[in-house]
Amino acid sequence: EFVANPWYAAANVDEIEQRLHQGADARLQAAIAPYQGDGAALDCKTLWGTPFLEIIHLVQEEGYDLVAVGTRGHSPLSRFLVGSTAATVALSGVR
């Protein structure tokens, strides 16, 4: 039924996005829970879109002093050919 009825699939896109957001938010909250209350204000957000653009827009909107962006250990050649979200954000000079 899911494949045979395209309206059914389209109607559930919002539900799928909502579940993805909820799962991501839960994992982020669990990851920062041990560090809450150590004197630093921690904030986690899940965003949809092009990663570096979404991060840059959020930093500009919220006026953050520090943004931590992780990397996954790509090789130098891979980073050169494909790029890195962390490097793009860092080189953007966002303020």
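Small disclaimer: the values here were computed from a predicted structure and weren't measured. (Residues numbered from 1 in each chain as written. Predicted model: local features only at pLDDT ≥ 70, side-chain atom pairs only at ≥ 80, totals over all residues. Heavy atoms only, no water.)

Brief notes about the overall build of the protein chain
Each helix and strand in the protein chain was counted, giving 5 helices and 0 strands. Of the contacts formed within the protein chain by residues at least 6 apart in sequence, a portion of 37% connects residues at least 24 apart. Here the protein chain displays about 7800 Å² of accessible surface, and carbon together with sulfur accounts for 58% of that area. (Helix = DSSP H or I, 4+ residues; strand = E, 2+ residues; numbered from the N terminus. Contact = heavy atoms within 4.5 Å. Areas by Shrake-Rupley, 256 points an atom, 1.4 Å probe, with all protein chains shown as cover.)

A word on the confidence of the model for the protein chain
For residues with low pLDDT, the predicted coordinates do not support detailed interpretation. On average, residues of the protein chain score 78 in pLDDT, and 80% of them are at 70 or above. Per-element mean pLDDT across the protein chain ranges from 58 in helix α1 (residues 6-11) up to 91 in helix α3 (residues 51-62). (pLDDT = per-residue confidence, 0-100.)

Concerning a nonpolar patch on the surface
Together, I16, L20 and W48 line one region of the surface with nonpolar side chains, adding up to about 310 Å² of accessible area. Within the secondary structure layout, L20 lies in helix α2 (residues 13-32). Taking the relative accessible area as the measure of exposure, L20 reaches 47% and is therefore partly exposed. (Patch = residues over 30% accessible without salt bridge, like charges linked within 9 Å, V, L, I, M, F, W, Y side chains within 5 Å. Salt bridge = Lys/Arg side-chain N within 4 Å of Asp/Glu carboxyl O. Buried < 20%, exposed > 50% of the residue type's maximum accessible area, 1.4 Å probe, protein only.)

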